[in-house]
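# Results of the structural survey
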There are 2 protein chains.
Amino acid sequence: MRALIVEDDPDLRRQLKDVLDHAGYAVDEAGDGEEGWFLGDTEPYDAVVLDLGLPRLDGVSVLERWRSAGKDFPVLILTARDRWSEKVAGFDAGADDYLTKPFHPEELLARLRALTRRAAGHTTSTIEIGNLSVDTRGARVFVGDKLVKLTSHEFRILSYMIHHRERVISRTELVEHIYDQDFDRDSNTIEVFVGRLRKKIGQDRIETVRGLGYRLVDPAANERARAG
Amino acid sequence: MRALIVEDDPDLRRQLKDVLDHAGYAVDEAGDGEEGWFLGDTEPYDAVVLDLGLPRLDGVSVLERWRSAGKDFPVLILTARDRWSEKVAGFDAGADDYLTKPFHPEELLARLRALTRRAAGHTTSTIEIGNLSVDTRGARVFVGDKLVKLTSHEFRILSYMIHHRERVISRTELVEHIYDQDFDRDSNTIEVFVGRLRKKIGQDRIETVRGLGYRLVDPAANERARAG
DNA sequence: GCGCGCGCTGAACATCATCTGAACAGCTCT
DNA sequence: AGAGCTGTTCAGATGATGTTCAGCGCGCGC
């Protein structure tokens, strides 16, 4: 974890650095707003501790510049004054947390932990096979860069297949996962859907294994390894 | 946005509810730890305000149970006492922010905004998609540079959608986050609102994904690459 | 090579989700 | 109480979507 401290009071800055150092952060320091802004704009920090009263460029402005430049690291704001209106301004400029001096080192660390913990919780939701990519949250499918419109059931089937890639999936397995309990067992609905899917995403992306079911494959990788 | 208040003092609870109501949240209330835990375990909240001193089950325990059950909504902790050791315990139990009584309503709102904003992966209080920009603080919406007047619920829906941009949002998800506990589940209110929204911000900005729900998109970016 | 069945496909059909306009109800402000 | 705004309900229209069906191609076992 890499942290930036922007604080003009040398004593407090030193104290902050000690605390963060001790907690295992790699710490950079800045003594005024300009320097702080530059560092934050340049280096990839995991957390920033920012004083509001700063020479050369005040804290809220620094924060606004970062945010409008797309920087999204968590920022914890410090101030000596306990004025709620300033806190509100800080929050709306994009701060994630706030601490009033004097504070207890343990509390600063706890807040930083909370911030970095939450910032880490971003996961992707698109699965790819070859140049076919399925965005499971957005319910969208791309072939290359081209958006393909699928109906609800088509998407469910493709989604299930791509979650079990390179495996043969039987018709009944599909039926059981697409529909609830009772569904007419002999019906060729699945075949119709697979047919429509093939038309939309490309014929060679879904292989049919006669007597067993279907398999989703990467057509480009087919030439490479062919066993039987 | 839907919020839960867990607070045993009836006066303070009423005051909190008023503040959040007025800010456009759909608010549920709980008077003790057990009830609060149950609601948080059952309903999908976007933010929780949790008192630490509670009858039946104390706040830290409630929070710990939620977190170990995988609940990841942002939690803001309240306490009358200014004891930092309790704050630290709260943070390490999984709290995202902390406020000491007495507090200024504006500050509570600012902190909640910061929490929900970050939980959705955004850093500033105005969120844009294409030339549509939503100021979550001022509750104002612009198409290009033209101000659009939205009613309270229209704004709530658009606000929730833009916090979860490029994702399909089901009708029930919308209902659960726009309204509090008791609401007639089958009603086409949402459809009516979406229709009115489309009339105000442009037809092609809200796609309907049949059988799944709606998706807020940038109509200009139809051919462009995908997001993660 | 031959026939059997499995799987494919196009079109027709039925259904269901969603949209839309309008009316109604509730609240606030004067 | 009345006017205006907002949220909710309702019913009919509409079109996309799921399902069925019948005919055909073709691989597979014999």
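Residues numbered from 1 in each chain as written. Chains lettered and ligands numbered in written order. Predicted model: local features only at pLDDT ≥ 70, side-chain atom pairs only at ≥ 80, totals over all residues. Heavy atoms only, no water.

Attention now moves to helix 8 (residues 189-201) of chain A. For helix 8 of chain A, built from 13 residues, the straight-helix expectation of 18 Å at 1.5 Å per residue is met to within 8% by its first-to-last C-alpha distance of 18 Å. Contact partners of the buried residues in helix 8 of chain A: strand 7 (132-135), strand 8 (140-143), helix 6 (152-163), helix 7 (171-178), strand 10 (206-209) and strand 11 (213-216) of chain A. (Helix = DSSP H or I, 4+ residues; strand = E, 2+ residues; numbered from the N terminus. Expected span 1.5 Å × (residues − 1). Contact = heavy atoms within 4.5 Å.)

Quick look at the sheet that holds strand 4 (residues 75-79) of chain B now. Residues and elements named next belong to chain B. With respect to topology, five strands assemble into an open sheet ordered 2-1-3-4-5, the strand pairing being parallel. Across the chains shown, the open sheet's two edge strands, defined by having one partner strand only, are strand 2 (26-30) and strand 5 (97-100). Averaged over all neighbouring strand pairs, the angle between strand axes comes to 20°, with direction disregarded. Two elements, strand 4 and strand 5, share four bridges in a ladder whose sense is parallel. (Pairing = 2+ DSSP bridges. Axes fitted to C-alpha atoms, helices over the stretch in contact; angles between N-to-C directions.)

For the rest of this paragraph, the subject is the packing of aromatic side chains. Residue and element names in this part refer to chain A. Using the criterion set out here, one finds four aromatic pairs over all chains in the structure. Between F91 and Y98, the ring centres sit 6.2 Å apart and the planes meet at 35°, which makes this aromatic pair tilted. Assessed through its relative accessible area of 1%, F91 is described here as buried. Here the basic side chain of R65 rests over the ring of W37, its NZ or CZ set 5.6 Å away from the ring centre. (Phe/Tyr/Trp six-rings, centres within 6.5 Å; stacked < 30°, edge-to-face > 60°. Buried < 20%, exposed > 50% of the residue type's maximum accessible area, 1.4 Å probe, protein only. Lys NZ or Arg CZ within 6 Å of the ring centre and 35° of its normal.)

Now for the nonpolar core. In terms of nonpolar packing, the biggest core is built from 45 residues, with L20, L112 and L158 of chain B touching the most fellow members. Structurally, this core is a two-domain feature, drawing no fewer than three residues from each of domain 1 (2-119) and domain 2 (126-221) of chain B. With residues near it in sequence (within four places) discarded, L112 of chain B still touches L20, Y25, A47, V49 and L76 of chain B. Counting residues in each nonpolar core, the second largest holds 28 residues, with I129, L132 and L158 of chain A together with V168 of chain B among its members. (Core = buried A, V, L, I, M, F, W, Y, C linked by side-chain atoms within 4.5 Å. Domains from an automatic or database assignment.)

Attention now moves to the protein's contact with DNA strand C. Close to DNA strand C lie 19 residues; K199 and Y214 of chain A together with R171, R198 and Y214 of chain B are nearest. Considering the 4 Å shell around the protein, atoms of DNA strand C inside it are sugar or phosphate in 72% of instances. Here a phosphate oxygen of DNA strand C and a backbone polar atom of G211 of chain A are 2.8 Å apart. At 2.8 Å, a side-chain N or O of Y214 of chain A approaches a phosphate oxygen of DNA strand C. When residues of the surface near DNA strand C are assigned to their parent elements, the largest contribution, four residues, is made by helix 8 of chain A. The class makeup of the residues in the surface near DNA strand C is two nonpolar, seven polar and 10 charged. (Near = heavy atom within 4 Å. Polar contact = N/O pair within 3.5 Å; in protein donor to acceptor, adjacent residues only side chain to side chain. Nonpolar A, V, L, I, M, F, W, Y, C, P; charged D, E, K, R; others polar.)

We now examine the domain arrangement of chain A. For chain A, the domain assignment lists domain 1 (2-119) and domain 2 (126-221). Using C-alpha coordinates to define each centre, domain 1 of chain A is positioned 49 Å away from domain 2 of chain A.

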